[in-house]
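Inside the fold
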Amino acid sequence: MTYGEGTIERVRPQQFHETVGLEDWRVLGEGACAYFRTGSLAVGAKLVQTISELPGVDSGHPDIDVRHDGVTVRLITLTDDFYGLSERDVELARQITALARTLGIPADPSAVQTVQVTVDALSGPAVVRFWRALLGYDDRANSPEDLIDPQRRGAPFYFQRMDAPRPQRNRVHVDVWVPYDRAEARIADAIAAGGRLVDDSNAPGHWVLADPEGNEACVGTAGWTGPAPARR
């Protein structure tokens, strides 16, 4: 299946991680990400220029964030009915890694993450409609429960259906997506900083934590390939 034929060959996160040549990349909640430590804006601009000259690069693919000390590249295939990874992303990731190595720019997979805001909703359509208008966001791939920044800069919003009110819990929480090989360290740091583990029954894909006052947050991973994490 190819893009020229109007079809997409989809790639699962674990499949992406197990592909040779993609060691610099980590799949998060919002696609595959890589961070390149350029050390200066000039070197970062040079990397971006070389990426822009690759075949298949267009105005919406990839997303690139340039800062004075590094460049973050995010790859995700977005269509009217699909939001995820494809063979196109795999090939482009390989090419970008090769360019960075040619330029002598190291990658740091531990430096990537994405953050999502999750809202518990009894009446999903009404709540989504409000937040769509307030944020100026768009639906994600025609999903009735996901909103994304059309500029792909702000945190996405996910609306989680509830069947009944849950006054004992906060109704809005943050999901932090980290590389699969950094999740346990991030959780340990949060617990050492005064948090507690609420639930690890869905690990290694998802852990629920709480701060000292009970406000919840989640740590998520995609495409786990390591050993099973220890239960707490």
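This section reports on the structure supplied with the text. (Residues numbered from 1 in each chain as written. Predicted model: local features only at pLDDT ≥ 70, side-chain atom pairs only at ≥ 80, totals over all residues. Heavy atoms only, no water.)

In total, this model carries seven aromatic pairs according to the counting rule given. Judged by centre distance (5.3 Å) and plane angle (35 degrees), the rings of W131 and F157 are tilted. With W131 in helix α4 (residues 124-135) and F157 in strand β11 (residues 157-161), this residue pair connects regions lying 26 residues apart in the sequence. Classification of W131 as partly exposed rests on a relative accessible area of 23%. Relative to W224, the ring of Y180 has its centre 6.3 Å away and its plane inclined at 65 degrees; by these criteria the two rings are edge-to-face. Taken together, the residues span a long stretch of sequence, with Y180 in the loop between β12 (172-177) and α5 (183-192) and W224 in the segment after β15 (216-220) at a distance of 44 residues. A relative accessible area of 16% places Y180 in the buried class. Take W224: its relative accessible area is 14%, and that puts it in the buried class. Each member of the aromatic cluster is reached from another via a ring pair, and the members are F130, W131, Y137, F157 and F159. (Phe/Tyr/Trp six-rings, centres within 6.5 Å; stacked < 30°, edge-to-face > 60°. Helix = DSSP H or I, 4+ residues; strand = E, 2+ residues; numbered from the N terminus. Buried < 20%, exposed > 50% of the residue type's maximum accessible area, 1.4 Å probe, protein only.)

One open sheet accounts for eight strands, arranged β9-β10-β11-β8-β12-β15-β14-β13; its pairing is mixed. Two strands bound the open sheet, and with one partner strand each, they are β9 (138-139) and β13 (196-199). Contacts from α4 reach β8 (114-121), β9, β10 (146-148) and β11 within the one sheet, and its direction differs from that of β11 by about 165 degrees. Sheet strands touched by α5: β12, β13, β14 (206-210) and β15. Its angle to β14, the strand with the most contacts, is close to 10 degrees. (Pairing = 2+ DSSP bridges. Contact = heavy atoms within 4.5 Å. Axes fitted to C-alpha atoms, helices over the stretch in contact; angles between N-to-C directions.)

Time to look at the pattern of salt bridges. Where charged atoms of side chains with opposite charge meet at close range, the side chains can pair. Following the criterion strictly, the structure yields nine salt bridges and no others. The partner of D63 in a salt bridge is R74, with the nearest N and O atoms 2.5 Å apart. With D63 in strand β4 (residues 63-66) and R74 in strand β5 (residues 71-75), the pair connects residues that are eleven residues apart, well separated along the chain. R74 carries the same exposure label as D63, and that label is buried. One salt bridge connects R140 with D146, and the closest N-O pair in it is separated by 2.4 Å. Because the salt bridges share partners, they merge into one network encompassing D63, R74 and R152. (Salt bridge = Lys/Arg side-chain N within 4 Å of Asp/Glu carboxyl O.)

A separate point is unusual backbone geometry. Across the junction of A203 and P204, the peptide omega takes the value 10 degrees, indicating a cis bond. Tracing the backbone through its elements, the reader meets P204 in the loop between β13 and β14. Backbone geometry at R152 places phi at a positive 55 degrees, although glycine is not the residue there. Along the chain, the position of R152 falls in the loop between β10 and β11.

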